[in-house]
Amino acid sequence: MNVAGVVKDWLLIAFSWTVIKDTVTPINLFGYGIAFLGVAYYNHAKLQGLKAKEAQRKAASNAAVAKEDDAEAGARLLPQKDGDDDGGHKN
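Please read these numbers as outputs of a predicted model, since none were measured by experiment. (Residues numbered from 1 in each chain as written. Predicted model: local features only at pLDDT ≥ 70, side-chain atom pairs only at ≥ 80, totals over all residues. Heavy atoms only, no water.)

Caption draft 1: Main features of the side chain of Ser 16. Inspection of the secondary structure assignment puts Ser 16 in helix α1 (residues 2-18). When sequence neighbours within four positions are dropped, the list of residues in contact with Ser 16 reads Lys 21 and Asp 22. (Helix = DSSP H or I, 4+ residues; strand = E, 2+ residues; numbered from the N terminus. Contact = heavy atoms within 4.5 Å.)

Next up, the structure:
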């Protein structure tokens, strides 16, 4: 919501500058530039955080799938031990 408020302020400033012909000083422009950089940094940091969370989620999902695949492969390779099955050996 704070970022949306800053964007709204920029739109109001642009409107007053173009339509009402309000004066914009170099100090004003400098402040607008700092605000723009702040919003850009905020969006960049938030995007990086989302990418990191997605990478962690994907890694956890891949690890779970690999663990299931390992268990399935182990089950196929190792003979099952049942009370009825003695491995084909009869005495």
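Caption draft 2: A look at the pattern of salt bridges. Under the counting rule described, the total for this entry stands at 2 salt bridges. Across the pair Glu 54 and Arg 57 runs a salt bridge whose closest N-O atoms are separated by 2.8 Å. Linking Glu 54 with Arg 57, this pair stays in helix α2 (residues 26-77), spanning 3 residues, or about one helical turn. Given a relative accessible area of 43%, Glu 54 falls into the partly exposed group. Look at Arg 57 and you get exposed, because its relative accessible area is 52%. (Salt bridge = Lys/Arg side-chain N within 4 Å of Asp/Glu carboxyl O. Buried < 20%, exposed > 50% of the residue type's maximum accessible area, 1.4 Å probe, protein only.)

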